[in-house]
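Here is what each chain is made of, one letter per residue.
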Amino acid sequence: MRAFFKGLQVSLSIAAGYLPVAFSFGLAALQAGLSPLTTLMLSVVVYAGASQFVLIPLLASGAGLLTALPTVLLMNARHLFYGPSLWGRYRRSGDGRIPTPVLAFGLTDEVFAASMTRMADVPEEQRERWYLGLQTGAYASWVLGTVLGVALGGYFEHPPAALQAALSFILPGLFFALLLEIGVWKHMRVIVTTAIACVLLLQWLPGYHALAFGMLIGAASGLVPVTGGMRGQA
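Residues numbered from 1 in each chain as written. Predicted model: local features only at pLDDT ≥ 70, side-chain atom pairs only at ≥ 80, totals over all residues. Heavy atoms only, no water.

Considering the overall build of the chain
Summing up its helical and strand segments, the chain has 13 helices and zero strands in all. A total of 234 residues make up the chain; the buried ones form 38% of that total. Looking at the chain alone, contacts between residues at least 24 apart form 77% of all its contacts between residues at least 6 apart. Of the accessible surface of the chain, which amounts to about 12700 Å², a share of 71% is contributed by carbon and sulfur atoms. (Helix = DSSP H or I, 4+ residues; strand = E, 2+ residues; numbered from the N terminus. Buried < 20%, exposed > 50% of the residue type's maximum accessible area, 1.4 Å probe, protein only. Contact = heavy atoms within 4.5 Å. Areas by Shrake-Rupley, 256 points an atom, 1.4 Å probe, with all protein chains shown as cover.)

Notes on the packing of helix α2 (residues 12-31) against helix α9 (residues 127-151)
Orientation of α2 relative to α9, taken along the N-to-C sense of each, is 35°, at an axis distance of 7 Å. The handedness of the crossing between α2 and α9 is right-handed. Counted together, I14, A15, Y18, L19, V21, A22, F23, F25, G26, L27 and L30 of α2 and L134, A138, S141, W142, L144, G145, T146, L148, G149 and V150 of α9 form the full contact between these two elements. (Axes fitted to C-alpha atoms, helices over the stretch in contact; angles between N-to-C directions. Left-handed = near helix turned anticlockwise from the far one by under 90°.)

Remarks on α2
Over its 20 residues, α2 runs 29 Å from end to end, which matches the ideal 28 Å to within 8%, given 1.5 Å per residue. Along α2, the sharpest change in direction is near 25° and occurs at Y18; proline P20 comes one to four residues later. Following α2 by one or two positions, G33 has its phi on the positive side, about 100°. (Expected span 1.5 Å × (residues − 1). Bend = angle between axes of the 7 residues up to and from the residue.)

Some thoughts on the nonpolar core
Counting residues in each nonpolar core, the largest one holds 24 residues, and the members touching the most others are I14, W130, Y131 and L134. Only α1 (2-10), α2, α6 (79-90), α8 (109-118) and α9 provide two or more residues apiece to this core. Sort the elements by how many residues they give to this core and α9 lands first, with six residues. Counting residues in each nonpolar core, the second largest holds eleven residues, with F25, L42, I56 and M75 among its members. (Core = buried A, V, L, I, M, F, W, Y, C linked by side-chain atoms within 4.5 Å.)

Comments concerning the packing of α8 against α9
Two elements in contact, α8 and α9, have axes separated by 10 Å at closest approach and are oriented at 150°. Our pair here, α8 against α9, has a crossing hand that is right-handed. Across the interface between the two elements, V111, A114, S115 and R118 from α8 touch W130, Y131, L134, Q135 and A138 from α9. Tallied by class, residues from the contact of α8 with α9 come to six nonpolar, two polar and one charged. (Nonpolar A, V, L, I, M, F, W, Y, C, P; charged D, E, K, R; others polar.)

Digging into the side chain of T146
Structurally, T146 can be placed in helix α9. On the basis of relative accessible area, T146 is assigned to the buried category, the value being 0%. Setting aside its immediate chain neighbours within four residues, T146 contacts A22, F23, F25, G26, T39, L40 and S43.

Details of a nonpolar patch on the surface
A grouping of V192, I196, L200, W204, L205 and F213 is seen on the molecular surface, where their side chains present a nonpolar patch of about 600 Å² in accessible area. Considering each element in turn, the nonpolar patch owes the most residues, three residues, to helix α11 (residues 188-201). (Patch = residues over 30% accessible without salt bridge, like charges linked within 9 Å, V, L, I, M, F, W, Y side chains within 5 Å. Salt bridge = Lys/Arg side-chain N within 4 Å of Asp/Glu carboxyl O.)

Looking at the packing of aromatic side chains
Overall, the coordinates contain six aromatic pairs when judged by the stated rule. With a centroid separation of 5.4 Å and an interplanar angle of 80°, the aromatic rings of Y18 and W142 are classed as edge-to-face. Taken together, the positions of Y18 in helix α2 and W142 in helix α9 put the pair 124 residues apart, joining distant regions of the chain. For Y18, a relative accessible area of 3% gives the class buried. W142 sits in the buried class, given a relative accessible area of 2%. Arranged with centres 5.4 Å apart and planes meeting at 75°, the rings of F25 and F53 form a pair that is edge-to-face. Of the two residues, F25 sits in helix α2 while F53 sits in helix α4 (residues 50-60), which places them 28 residues apart along the sequence. (Phe/Tyr/Trp six-rings, centres within 6.5 Å; stacked < 30°, edge-to-face > 60°.)

Topic: the side chain of Q52
Take Q52: it is sitting in helix α4. Given a relative accessible area of 0%, Q52 falls into the buried group. A distance of 3.0 Å separates a polar atom in the side chain of Q52 from the backbone nitrogen of A48. For Q52, the residues in contact, after removing those within four places along its chain, are F25, L42, S43, V46, Y47 and W142. (Polar contact = N/O pair within 3.5 Å; in protein donor to acceptor, adjacent residues only side chain to side chain.)

Below, the structure is given as structure tokens:
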């Protein structure tokens, strides 16, 4: 259990960002006309961060499952790259007592970034339980933030514009801080490619589709080997 609580402790920095963002999600969902139960279940069952904000207008407008589901799946396609990267890190111990679907459910951008920077310091036989603690703390904070947003929604029907702007920046700011821990310069090619692809795709696609495709293009660019000439220059 010690490894689990160590992971839980690491999740506190993620929780600091998740609580206010999930709180704003609860407020936004209620203001869009979603019921408190639907709002809570989106965080408990879907647990997909930005995808939940995209679901608000889709569900509020009466969009069906065939419209909402592909959008959410596309936005979270980046997890197809996250999973294999982590699999070899915590499965090398051969422990494998925790079902893989449980571990996969808690995988988010911030959990992935924290795992990539901190897991190397965790003994191999403890990594699975450490990762479970990390994702449990992140998940609990997201659900708690949503509960608070739903419970206190009546007091924040018209939040100040400054507060809305601050809440919307917290999660990107947290992820950027985690990115700095990984090392921005080592992944500059992927970052620049993703940024350029997103800007270009925004000319033809909605923002959430452009972001998803841009991230896939950026990730694919990281798989392209650097030529010998470029290595020599480096």
